[in-house]
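In case you want the letters, here they are:
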Amino acid sequence: MAIPVAPRQLFIDGEWKQPVLKKRIPIVNPTTEEKIGDIPAATSEDVELAVAAARRALTRNKGSDWSTASGLVRARYLRAIADKIKDRKSELAKLEAMDCGKPLEEAAWDIDDVAGCFEYYADLAEGLDAKQKAPVSLPMDTFKSYVLHEPVGVVGLITPWNYPMLMATWKVAPALAAGCAAILKPSELASVTCLELADICMEVGLPPGVLNILTGLGPEAGAPLASHPHVDKIAFTGSSATGSKIMTAAAQLLKPVSLELGGKSPIIVFEDVDLDKAAEWTIFGCFWTNGQICSATSRLIVHESIAAEFLNRIVKWIENIKISDPLEEGCRLGPVVSRGQYEKILKFIETAKREGATILTGGSRPEHLKKGFFVQPTVITDVTTSMQIWREEVFGPVLAVKTFSNEEEAIELANDTHYGLGAAVISNDLGRCERVTKAFQAGIVWINCSQPCFTQAPWGGKKRSGFGRELGEWGLNNYLNVKQVTQYISDEPWGWYRKPSKL
């Protein structure tokens, strides 16, 4: 089964360009394990070309380059991109489902969010015009001061494979709205729709060099992008281990970075809940997107008085999850993205069993699927806090379970992690929910739900889950420098140095 689009090259300076070394990477459909195409593999030579193109885009025409264009002008391009994405929603969703294994219905929702994100940052781009020269109140009337919001410059954007086009858009849309020129390096495991975004940018006439897209491997393309002296900022979403390497490389040049990294998020379920509602949110929070979510609430902390019945409800819910080819109607769980990821998840499960945990349900390939990188939704009990399955990010459909007896114990279990991306609490006692919310050491908290995400609200973590915020106004601010301008306005001399009256 071939991808229904022409093979793509790298997108540099508004054109398709063959990689300098002419290398390509196969695309494997995780459902069939068959090669369905290939993508170009950029190297440091291609990074040089892309960086040069991005810098030219910022200075191409004095007074009318991308960085000094009005927010209104930039917004027109962002809205045009959004419109093209809407027109191609069905095609883009199918490509994502084939490329990364995401259920088609989920992929379609993601493409809606992609268009919405471009539209949202178009609005914020227009709002930037009104914010320029915003006055600052000063204690002295001999001076006036105002603030300019200026683009950071050339930015490197490195994105993951679980939400290929959406995670790219979370960075591309605000970067372009701010007036930056960008170089996007998507994951080599799922790059197809990002290359389609390049095609859309060509269709709407985005100025050359404003967005460049380099597909390829991390060491060969991502690393030289992160360490390039003419890239002014790096924004990265991915594993904590890779984030640490990017931060180290950027530190050599004192380059700013924003990092959205891994997670091992808790969900606390108290004894006063509606068991079916809580079970559905627990399952959604862990198994959505095939369990491949950095914020997945994959540590269930459930009150001991309801644990047995609650887990029974969860198992019944899991039994009704349709696991299939993601293009099939009603699919709720598709394959994980690659053989490497599939084997990693199964190794986590085997290690949990060896360490003494119990596989309550799942733990292997579904019996009815002989091909593809499918892993059953898995629930693991009899877990201790020292076990690997409790402490490390699996990035797959695996839920680890512990019980608690009181609120203090639940909070302690929730915060006993190196990560701090998301956390959820489910209880009918809203006062309790507020207390737990304040106690969570996490950047995102859900009350009586798990995983809803809105473009307007900030997204990011604490501890080893990274720093900086995406989405909302915070996402735009990632790509802006604030410049203070202060002017002396009095007709009188300043008078700091006064000539002596007598020698």
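Position labels on residues start from 1 in each chain and follow its written sequence. Only residues with pLDDT of at least 70 get local features here, since the model is predicted, and only at 80 or more are side-chain atom pairs given and counted; chain-wide, interface and lining totals rely on the full set of residues. Side-chain measures here rest on the full set of heavy atoms in the structure, leaving out hydrogens and waters.

(A) View of the pattern of salt bridges. What makes a salt bridge here is a side-chain nitrogen of Lys or Arg within 4 Å of a carboxyl oxygen of Asp or Glu, nothing more. Enumeration according to the criterion identifies 30 salt bridges in this entry. Across the pair E126 and R79 runs a salt bridge whose closest N-O atoms are separated by 2.9 Å. Taken as a pair, E126 in helix 4 (residues 104-131) and R79 in helix 2 (residues 71-87) lie far apart in primary sequence, 47 residues in all. For the salt bridge of E188 with K185, the shortest nitrogen-to-oxygen distance reads 3.5 Å. Judged by its relative accessible area of 4%, K185 is buried. A single network of salt bridges, built from pairs that share partners, joins R8, K84, R88, E91, E196, D199 and E203. Secondary structure follows DSSP: runs of H or I at least 4 residues long count as helices, runs of E at least 2 residues long count as strands, and numbering of each begins at the N terminus. The buried label applies to any residue whose accessible area, calculated with a 1.4 Å probe on protein chains only, is under 20% of its type's maximum; exposed applies above 50%, and partly exposed to all values in between.

(B) View of the nonpolar core. Buried Ala, Val, Leu, Ile, Met, Phe, Trp, Tyr and Cys residues form a nonpolar core when they are joined through side-chain atoms within 4.5 Å. Counting residues in each nonpolar core, the largest one holds 131 residues, and the members touching the most others are I85, F118, Y121, V269, L300 and I314. Of the residues forming this core, the biggest block, 13 residues, is contributed by helix 4. In this structure, A357, F373, F404 and C433 belong to the second largest nonpolar core, which totals 31 residues.

(C) Just the confidence of the model for the protein chain, in detail. Confidence of the predictor at the level of single residues is captured by pLDDT, which takes values from 0 to 100. For the protein chain, the mean per-residue pLDDT works out to 95, and 97% of the residues sit at or above 70. Only heavy atoms enter the contact rule, under which two residues are in contact if any of them lie within 4.5 Å. Note on residues 1-5: pLDDT is under 50 here. Beyond four places in sequence and across chains, it has 16 contacts.

(D) Spatial organisation of the packing of helix 5 (residues 164-178) against helix 6 (residues 192-204). One way to put it is that helix 5 packs onto helix 6 with a least axis distance of 7 Å and a crossing angle of 55°. Classified by the angle their axes make, helix 5 and helix 6 are oblique. When the axes of helix 5 and helix 6 are compared, the crossing they make is right-handed. Residues P164, M165 and A168 of helix 5 touch helix 6, and the partners they reach there are T193, C194 and L197. Split by residue class, the contact of helix 5 with helix 6 holds five nonpolar, one polar and no charged. Orientation is described by axes fitted as lines to C-alpha atoms, over the contacting stretch for helices, and by angles from 0 to 180 degrees between their N-to-C directions. Angular relationships are summarised with four words: roughly parallel below 35 degrees, roughly antiparallel beyond 145, roughly perpendicular across 65 to 115, and oblique for the angles in between. Two helices cross in a left-handed way if the nearer one is turned anticlockwise from the farther one by less than a right angle. They cross in a right-handed way if the turn is clockwise. Any residue that is not Ala, Val, Leu, Ile, Met, Phe, Trp, Tyr, Cys, Pro, Asp, Glu, Lys or Arg is counted as polar, Gly included; the first ten are nonpolar and the last four charged.

(E) Highlighting the sheet that holds strand 13 (residues 299-303). What the seven strands build is an open sheet, ordered 14-15-16-13-12-18-19; its pairing is mixed. If you trace the sheet from one side to the other, it starts and ends with strand 14 (358-361) and strand 19 (444-447), each paired once. Pairs of neighbouring strands in the sheet enclose a mean axial angle of 25°, with direction left out of account. Of the strands in this sheet, strand 12 (266-269), strand 13, strand 15 (378-381), strand 16 (398-404) and strand 18 (422-426) are in contact with helix 9 (residues 275-287), which crosses strand 16 at around 135°. By the convention used here, strands pair only if DSSP detects at least 2 bridges between them.

(F) Region of the structure containing the packing of aromatic side chains. Stacked, edge-to-face and tilted are the three classes for Phe, Tyr and Trp ring pairs, Trp counted by its six-membered ring, which pair at centre distances within 6.5 Å; planes under 30 degrees apart are stacked, over 60 edge-to-face, the rest tilted. Inspection of the entire model under this criterion finds 14 aromatic pairs. An angle of 85° between the planes, with centres 5.0 Å apart, marks the rings of Y120 and Y121 as edge-to-face. A single burial state applies to Y120 and to Y121, both of which are buried. A ring pair is formed by F284 and W288, whose centres lie 4.6 Å apart and whose planes are at 35°; its orientation type is tilted. Three or more aromatic residues joined by ring pairs make a cluster, and in this case those are W109, W281, F284 and W288. Over the aromatic face of Y163 sits the side chain of K102, whose NZ or CZ is 3.8 Å from the ring centroid. The positively charged end of K233 is found above the aromatic ring belonging to Y479, 5.9 Å away from the centroid. Here, over-ring charges are defined by two tests on the NZ atom of lysine or the CZ atom of arginine: distance to the ring centre within 6 Å, and angle to the ring normal within 35 degrees.

(G) Structural view of the pairing of strand 8 (residues 181-185). Burial analysis of strand 8 places five of its five residues in the buried class, the great majority of the element. Where strand 7 (residues 154-158) and strand 8 come together, five bridges link them in parallel fashion. Of the residues in strand 8, the one forming a bridge with L157 is L184. Clockwise travel from the first strand over the helix to the second, with the strands pointing away from the viewer, marks a crossover as right-handed. At this point the chain moves from strand 7, through helix 5, to the parallel strand 8, and the crossover so formed is right-handed. As judged from the three bridges shared by strand 8 and strand 9 (residues 211-213), these two strands associate in the parallel manner. Residue pairing across strands places I183 opposite N212, the latter belonging to strand 9.

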